[in-house]
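Residue-level listing of the chains:
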Amino acid sequence: MKPFTYQRAATPAEAARVAAEMPGSRFIAGGTNLLDLMKLQIETPGHLVDVNHLGLDRIEPTAEGGLRIGAMVRNTDLAADKRVRRDYAVLSRALLSGASAQLRNKATTGGNLLQRTRCPYFYEPSKPCNKRVPGSGCAALGGFNRNLAVLGTSDKCIATHPSDMAVAMRVLDATVETVSPDGTTRSIPIADFHRLPGDTPHIETQLGRGELITGVMLPAPIGGLHVYRKVRDRASYAFAVVSIAAVVAPGRARLAYGGLAHKPWRVEAAEALVADGAAAVAKTAFAGARTTPENAFKLPLAQRLTASVLADGKV
Amino acid sequence: MSLTRRDAMIMSGVAVAAGATGTEAESAPASTRPPPQADIRLTVNGQARRLQLDSRVSLLDALREHLHLTGSKKGCDHGQCGACTVTVNGRRINSCLSLAVMHDGDEIGTIEGLGRPGRLHPMQAAFIAHDGFQCGYCTPGQICSAVAMLEEIKDGIPSHVTEDLNDVRYSADEVRERMSGNICRCAAYPNIVAAIDDVHGGRA
Ligand SMILES: Cc1cc2nc3c(=O)[nH]c(=O)nc-3n(C[C@H](O)[C@H](O)[C@H](O)COP(=O)(O)OP(=O)(O)OC[C@H]3O[C@@H](n4cnc5c(N)ncnc54)[C@H](O)[C@@H]3O)c2cc1C
Ligand code: SF4
Ligand code: FES
Ligand code: FES
């Protein structure tokens, strides 16, 4: 690991300001992704700004009838919150399907949104990777890509975003709240928060330099049956191959997919077709897919997951 | 543990640096002037400990290499195996994926604090009674994890296999899911579940 200086920030605005001022800064929250990557020297920050002591660890009701989740709320606490279990069960389910209990006790809401891809070549410094070293190429395109993306990909990168939590937040239409180094705040709809790889796969979100996530806002509850179904290579403690977050009720459904793209994948136009069945939904939701011989199985798998949640919800 | 010191550290944004030379330190802006080492206070198994450490030292290495509490093990060093499981302020975490400096002021619990020969923690006794190990490398992590896991069930924290999120109950399936972060290369899993079952049922 490269040497770095370390500092505990006192306020969100101070954290953002310091991160912008100190070259090579990174925020550290739970550290479960950042430290992993620092040990491999894939991330080499010169300065760490510890954001664990900013008072952003509460879940509070909003005036609109929703919830505001502090960026430092641990994954365990978010999944176990009584209001989340009751009104946003898809979020509890998604969180509980991820990682292990030890990791969820440490991982935070903000850090989970910003965790980096699990593409095997991103982790392998001897191989080209446009995300790790912009312009170096993409070893995954002609390599082992069984678990990589089939939608929204580019010639530069076919990585997926590995978060389960983010897929549930997408189906719930969450909003990411931030503070910038100059003290201004803004709200970013989760649909726009993560970017597709395009020509710049190393730029993964809309966040600017030093911009700190302060929280995630959930709109008022929408009822329905909440399901998170995750297909993976073992029954526990594994990333998704394909997952679906669904809120379903007779005649309507909201559907977001994990494991298919560089961001949670949701196509609202496809949701309008639920009455016609899973094949109709899949045709629209997965239009323009680009598969490899190794990962083509993801599309029929995602369609079957769609059928299963529509059946659950008696749509 | 001094709260005043910790507050001061938080408020002034005191920074620490690894291996910085005097000259580098002097040229840094005053608010972030880096002393070469981090000054860290931990309470470990109820005892106050003070350490001067390179900011890169993980909590696991601080415990093993600097406090010589070698019960916690390093299996993968990447959060994948659970051999390094300890509790921080009562909750289990992977100590390999956390920096010691981030835990200034925290209370750490390790296998050494659970029990010792002659007065074992019930979970330690149950692991012995059930042969819940072969080589024993994963065992301290398994035991720390299992003790904390039973508390999580008591606190009503749901898991992936909890059918009704609002009705958390103990079961062997729950144990298997909740202990999935602790890998046992010797595959002592059935005996580990049996040991935990005994402690849950008050038989150990
Ligand atoms: C073995 C293993 C298995 C896993 N399995 C799963 C799984 O099945 N599903 C899943 O979804 N995840 C899984 N994870 C990933 C885990 O969920 C993430 O590591 C975790 O959520 C990251 O949160 P953190 O708080 O620890 O982030 P950190 O590591 O602290 O930070 C991650 C990134 O976010 C930035 N950051 C953190 N907080 C903020 C903020 N408030 N504002 C701006 N930037 C910020 C950091 O600078 C860093 O770049 C797994 C991890 C491991 C190690
Ligand atoms: S898919 Fe993306 S992350 Fe993977 S090797 Fe290619 S550029 Fe790197
Ligand atoms: S050594 Fe920490 S999880 Fe393996
Ligand atoms: S007893 Fe050998 S790894 Fe578990």
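Reading the values: the criteria
Residues numbered from 1 in each chain as written. Chains lettered and ligands numbered in written order. Predicted model: local features only at pLDDT ≥ 70, side-chain atom pairs only at ≥ 80, totals over all residues. Heavy atoms only, no water. Helix = DSSP H or I, 4+ residues; strand = E, 2+ residues; numbered from the N terminus. Rg over C-alpha atoms; globule rule 2.2 N^0.38 Å. Buried < 20%, exposed > 50% of the residue type's maximum accessible area, 1.4 Å probe, protein only. Contact = heavy atoms within 4.5 Å. Domains from an automatic or database assignment. Buried area = accessible area lost by both parts, 1.4 Å probe. Salt bridge = Lys/Arg side-chain N within 4 Å of Asp/Glu carboxyl O. Polar contact = N/O pair within 3.5 Å; in protein donor to acceptor, adjacent residues only side chain to side chain. Nonpolar A, V, L, I, M, F, W, Y, C, P; charged D, E, K, R; others polar. Phe/Tyr/Trp six-rings, centres within 6.5 Å; stacked < 30°, edge-to-face > 60°. Pairing = 2+ DSSP bridges. Axes fitted to C-alpha atoms, helices over the stretch in contact; angles between N-to-C directions. Near = heavy atom within 4 Å. Areas by Shrake-Rupley, 256 points an atom, 1.4 Å probe, with all protein chains shown as cover.

The next point concerns the overall build of chain A. When its secondary structure is counted, chain A shows twelve helices and eleven strands. A globule of 315 residues ought to have a C-alpha radius of gyration of about 20 Å, and chain A, at 19 Å, matches this closely. Taking all 315 residues of chain A together, the buried fraction comes to 60%. Across chain A, the fraction of contacts at a sequence separation of at least 24, relative to all contacts at a separation of at least 6, is 63%.

Take helix H3 (residues 59–66) of chain B next. All names here are of chain B. Within the sequence span of H3, burial applies to Leu59, Leu60, Ala62, Leu63 and Arg64. Considering only its buried residues, H3 is in contact with strand S2 (38–44), strand S3 (47–53), strand S4 (85–88), strand S5 (91–94) and strand S6 (107–109). Among the residues trailing H3, histidine 68 stands out with phi positive, at a value near 55°.

Residue and element names in this part refer to chain B. By the assigned domains, chain B splits into domain 1 (39–114) and domain 2 (122–200). Taking the mean C-alpha position of each, domain 1 and domain 2 sit 21 Å from one another. The partner domain 2 presents 16 residues to the 14 residues of domain 1 that form the contact. Between domain 1 and domain 2 the total buried area reaches about 1300 Å² when both faces are included, carbon and sulfur atoms providing 57% of it. By the criterion of area lost to domain 2, the three top residues of domain 1 are Arg92, Ile111 and Leu114, representing 46% of everything that side buries. At the surface where domain 1 touches domain 2, the tally comes to one salt bridge. Across the salt bridge formed by arginine 92 and glutamate 152, the nearest N and O atoms sit 2.7 Å from each other. Where domain 1 packs against domain 2, one counts seven residue pairs in polar contact (both at pLDDT 80 or more). Mapped by element, the contributors of at least two residues to the side of domain 1 that touches domain 2 are S4 and helix H4 (111–114). Of the residues assigned to the side of domain 1 that touches domain 2, the class counts are four nonpolar, seven polar and three charged.

All names here are of chain A. Under the criterion given, the structure shown has two aromatic pairs over all chains. Taking 5.0 Å as the distance between ring centres and 75° as the angle between the ring planes, the aromatic pair formed by tyrosine 257 and phenylalanine 286 counts as edge-to-face. Within this pair, whereas tyrosine 257 is found in strand S11 (residues 252–258), its partner phenylalanine 286 is found in the loop between helix H11 (278–285) and helix H12 (298–312), the two being separated by 29 residues in sequence.

Here we come to the sheet that holds strand S5 (residues 67–70) of chain A. Residues and elements named next belong to chain A. Taken together, five strands build an open sheet; the order of strands is S4-S5-S8-S6-S7 and the sheet is antiparallel. With partners counted over all chains shown, the strands left at the sheet margins are strand S4 (59–61) and strand S7 (185–189), one partner each. For this sheet the average axis-to-axis angle between neighbouring strands, irrespective of direction, equals 25°. Where S4 and S5 come together, three bridges link them in antiparallel fashion. Across the sheet, proline 61 pairs through a bridge with leucine 67, a residue of S5. Its contacts with the sheet place helix H1 (residues 12–21) against strand S6 (175–179) and strand S8 (212–218), and it is angled at close to 135° to S8.

What follows concerns the interface of chain A and chain B. When the parts of a complex come together, some accessible area is lost, and that lost area is often taken as the interface size. Listed as interface residues are 47 residues of chain A and, on the opposing side, 52 residues of chain B. Between chain A and chain B, the buried area comes to about 3900 Å², and carbon and sulfur atoms account for 54% of it. Our count for the chain A to chain B interface comes out at two salt bridges. Between chain A and chain B we count 24 residue pairs in polar contact (both at pLDDT 80 or more) in total. Secondary-structure elements contributing two or more residues to the side of chain A that touches chain B are strand S1 (5–8), helix H2 (34–39), strand S3 (47–50), helix H3 (75–80), helix H5 (89–96) and helix H6 (101–106) of chain A. Per-element tally for the side of chain A that touches chain B: the top contributor is H6 of chain A, with five residues. Of the residues in the side of chain A that touches chain B, the class split is 20 nonpolar, 15 polar and twelve charged.

On to the site of ligand 2, then. As a matter of local geometry, ligand 2 sits amid 13 residues, with Cys119, Cys129, Cys138, Cys157 and Ile158 of chain A nearest to it. Partitioning the shell around ligand 2 into residue classes produces ten nonpolar, one polar and two charged.

The next point concerns the site of ligand 1. Neighbouring residues of ligand 1: 34 residues in total, closest Phe27, Gly31, Thr32, Thr108 and Asp164 of chain A. Close to ligand 1, residues of chains A and B are found. With respect to ligand 1, the side chain of aspartate 164 of chain A contributes an N or O atom lying 2.8 Å from a nitrogen atom. In this structure, a nitrogen atom belonging to ligand 1 sits 2.8 Å away from a main-chain N or O atom of isoleucine 213 of chain A. Coverage of ligand 1 by the protein chains reaches 96% of its 980 Å² of free accessible surface. Those elements that place two or more of their residues in the shell around ligand 1 are strand S2 (25–28), helix H7 (109–114) and S8 of chain A. Of the residues belonging to the shell around ligand 1, the class tally is 15 nonpolar, 14 polar and five charged.

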